[in-house]
Amino acid sequence: MSKLKVALIQLYSKSLDVDGNYARAESFIRSAAAQGAQLAILPEYHLQGWVGDSKALLACARRSGEFLARYQALARELQMCIVPGTLLEDLTRPGDAHDEPPMANVAYFIGPDGGLCGRYHKRNLWHPEKPILRAPAADAAPHHVAFDTPLGVRAGMLICWDLSFPEAFRALAADGARLVIVPSFWVARDTDEPVNPINPRAEMLFLDTMCVARAFENSCAIVYVNCGGAPAAEDGVAEGWDAERREYAGVSQAAMPMLGAVGKLDHNREGMSVVELDLGVLEAAEKAYKPRDDMERRGWKYDADVSGIWRTQNL
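Residues numbered from 1 in each chain as written. Predicted model: local features only at pLDDT ≥ 70, side-chain atom pairs only at ≥ 80, totals over all residues. Heavy atoms only, no water.

Peer 1: Honestly, the side chain of Q48 in this entry has me stumped. Any pointers?
Peer 2: Within the element layout of this structure, Q48 appears in the loop between β2 (39–41) and α2 (54–61). Discounting chain neighbours no more than four positions away, the residues touching Q48 are K14, S15, L16, V18, N21, L57, C60 and L88. (Helix = DSSP H or I, 4+ residues; strand = E, 2+ residues; numbered from the N terminus. Contact = heavy atoms within 4.5 Å.)

Peer 1: Explanation requested: the pairing of strand β6 (residues 116–121) in the structure shown.
Peer 2: When a strand is regular, its side chains alternate between the sheet's two faces. Where strand β5 (residues 103–110) meets β6, 5 bridges bridge the pair, whose relative direction is antiparallel. Looking at the pairing, F109 lines up with G118 of β6. Hairpin connection from β5 to β6: 5 residues lie between these consecutive antiparallel strands, with G114 at a positive phi of about 85°. (Pairing = 2+ DSSP bridges.)

Peer 1: I keep staring at the environment of Q79 and nothing clicks. Help me out?
Peer 2: By the element assignment, Q79 lies in the loop between α3 (64–78) and β3 (81–83). Considering only alpha carbons, one finds Q79 and A213, 134 residues apart in sequence, at a separation of 33 Å. Within the structure, Q79 has its side chain in polar contact with the backbone oxygen of R76 (distance 2.9 Å). (Polar contact = N/O pair within 3.5 Å; in protein donor to acceptor, adjacent residues only side chain to side chain.)

Peer 1: When you look at the packing of helix α1 (residues 18–34) against α3 in this model, what are you seeing that I'm missing?
Peer 2: Working note: a packed helix pair is described by the angle between its axes plus the distance between those axes. Interhelical geometry of α1 versus α3 gives an angle of 15° and a closest axis separation of 11 Å. As judged from the angle between their axes, α1 and α3 are roughly parallel. The element α1 and its partner α3 pack so that their crossing is right-handed. Counting all contacts with α1, which are made through V18, D19, Y22, A25, E26, I29, R30 and A33, the residues of α3 involved are F67, R70, Y71, L74, E77 and L78. By residue class, the composition of the contact of α1 with α3 is 9 nonpolar, no polar and 5 charged. (Axes fitted to C-alpha atoms, helices over the stretch in contact; angles between N-to-C directions. Parallel < 35°, antiparallel > 145°, perpendicular 65-115°, else oblique. Left-handed = near helix turned anticlockwise from the far one by under 90°. Nonpolar A, V, L, I, M, F, W, Y, C, P; charged D, E, K, R; others polar.)

Peer 1: How should the sheet that holds strand β7 (residues 155–157) be read in this particular structure?
Peer 2: The strands that make up a sheet pair up through hydrogen bonds in the backbone, lying either parallel or antiparallel. Read from one edge of the open sheet, 5 strands run β7-β8-β9-β10-β11, paired in mixed fashion. Each having just a single partner strand, β7 and β11 (260–262) make up the two edges of the open sheet. When the angles between neighbouring strand axes are averaged without regard to direction, this sheet yields 25°. Looking at chain direction, strand β8 (residues 179–183) and strand β9 (residues 221–225) are connected through 5 bridges and run parallel. Bridged to V180 within β9 is I222. Helix-sheet contacts for helix α5 (residues 202–218) involve β9, β10 (253–256) and β11, and the interaxial angle to β10 is about 40°.

Peer 1: Explain unusual backbone geometry to me, please; I cannot follow it from the model alone.
Peer 2: With glycine set apart, most residues show a phi of negative sign, and most peptide bonds adopt trans. In this model, V251 sits at a positive phi of 55°, which is unusual for a non-glycine residue. Residue position: V251 is located in the loop between β9 and β10. Its identity is not glycine, yet M258 carries a phi of approximately 75°, on the positive side.

Peer 1: Honestly, the confidence of the model for the protein chain in this entry has me stumped. Any pointers?
Peer 2: Summary statistics for the protein chain give a mean pLDDT of 92 and a share of 90% for residues scoring 70 or more. This stretch, residues 309–315, has a pLDDT under 50; its non-local contacts, to residues over four places away or in other chains, come to 0 contacts. (pLDDT = per-residue confidence, 0-100.)

Peer 1: Even after reading the chapter, I still don't get the nonpolar core, so can you show me in this structure?
Peer 2: The nonpolar side chains of a soluble globular protein tend to be buried with one another. Counting residues in each nonpolar core, the largest one holds 53 residues, and the members touching the most others are L39, F109, L179, V180, V223 and L277. Of all hydrophobic cores here, the second largest spans 26 residues; its members include F28, A32, C60 and L68. (Core = buried A, V, L, I, M, F, W, Y, C linked by side-chain atoms within 4.5 Å. Buried < 20%, exposed > 50% of the residue type's maximum accessible area, 1.4 Å probe, protein only.)

Peer 1: Which parts of the structure should I look at to understand the packing of aromatic side chains?
Peer 2: The geometry of an aromatic ring pair is captured by two quantities: the separation of the ring centres and the angle between the planes. Per the counting criterion, the structure on display carries 12 aromatic pairs. Ring plane angle 70° and centroid distance 6.0 Å describe the contact between Y45 and F185, whose orientation is recorded as edge-to-face. One end of the pair, Y45, is in the loop between β2 and α2; the other, F185, is in the loop between β8 and α5, with 140 residues separating them in the sequence. Exposure class is identical for Y45 and F185. Each is buried. On the numbers, 5.9 Å between centres and 50° between planes, the contact of W161 with W186 is tilted. Separated by 25 residues along the polypeptide, W161 in the loop between β7 and α4 (166–174) and W186 in the loop between β8 and α5 bring together distant segments of the chain. Assessed through its relative accessible area of 7%, W186 is described here as buried. Among the aromatic residues, ring-to-ring pairing joins W126, W161, F165, W186 and F206 into one connected group. (Phe/Tyr/Trp six-rings, centres within 6.5 Å; stacked < 30°, edge-to-face > 60°.)

Peer 1: What's the story with the packing of α4 against α5 in this structure? I'm lost.
Peer 2: Orientation of α4 relative to α5, taken along the N-to-C sense of each, is 40°, at an axis distance of 10 Å. In this structure, α4 meets α5 at a crossing whose hand is right-handed. Residues P166, F169, R170 and A173 of α4 lie in contact with α5, whose contacting residues are R214, E217 and N218.

Peer 1: I keep staring at α3 and nothing clicks. Help me out?
Peer 2: Each α-helix turn comprises 3.6 residues. Residues three or four places apart therefore point the same way. With 15 residues, α3 should reach 21 Å at 1.5 Å per residue; the first-to-last C-alpha distance of 21 Å fits that figure. As for α3, its buried residues are in contact with α1, α2, β3, β4 (87–90), β5 and β6. At the exit of α3 stands Q79, carrying a positive phi of roughly 55°. (Expected span 1.5 Å × (residues − 1).)

Shown next as structure tokens:
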């Protein structure tokens, strides 16, 4: 397949409103299908948003199986592929010592027959997630695995903070991925974040830069789908913000080597962009930059152990 039509759904998820958020997500997916999209992608945490309350999130996680089945049925009905952002999964078992976080954050790739083509359990957790979410065990290998899709392109998935780990993208590229999908929940600023007084748009700059850099580095299409804020001012919530007074970053985009960001939602409110990707560009980029030649034919590999290096840097 040389062309691929993708819907980037920058959903505004109201905290813990699982049923309401699903209803809006389904509406966007149906609209995407009507516009000819072959693949629809939602953001991370799209069903319940992010709150730092483990018990509240766990109650939502216990309904994830129900919603995964509904997305599978929707994919079959519409004959399209769906990546339903991420779903929280309950990892608790009877008799657990409760000394580990109780949930996993998981992305699924659903085919047009409703089957599951790929699954990814978030490896690199953002700081506030670590007490609540469980990453895969360090010795559970491999962490980053590509998979074949009915779209004729091999794909991989990463989640949010994974964007800052080039090794994760390289592992997927080495496994044949030409399309990397990244659902995300990335706000414009965290409370008291030190970057805020330096550049209030630092997070948007980070996202724009990393998406395009990862596309160039790996001759891949990087489809980054972030959450959005309120689509318009309502009930005391400003456009692009939420009821918890968080300002969103938005900037969902498909990043392509040599083209940069295409189909970009250059704002932070809820919205959708349906963009056609020319996958032939990836072949031209591979011929120009030859990252797979470096990886495969020359035994290219970096294996440096950088653990603890920051402790020597007086930071």
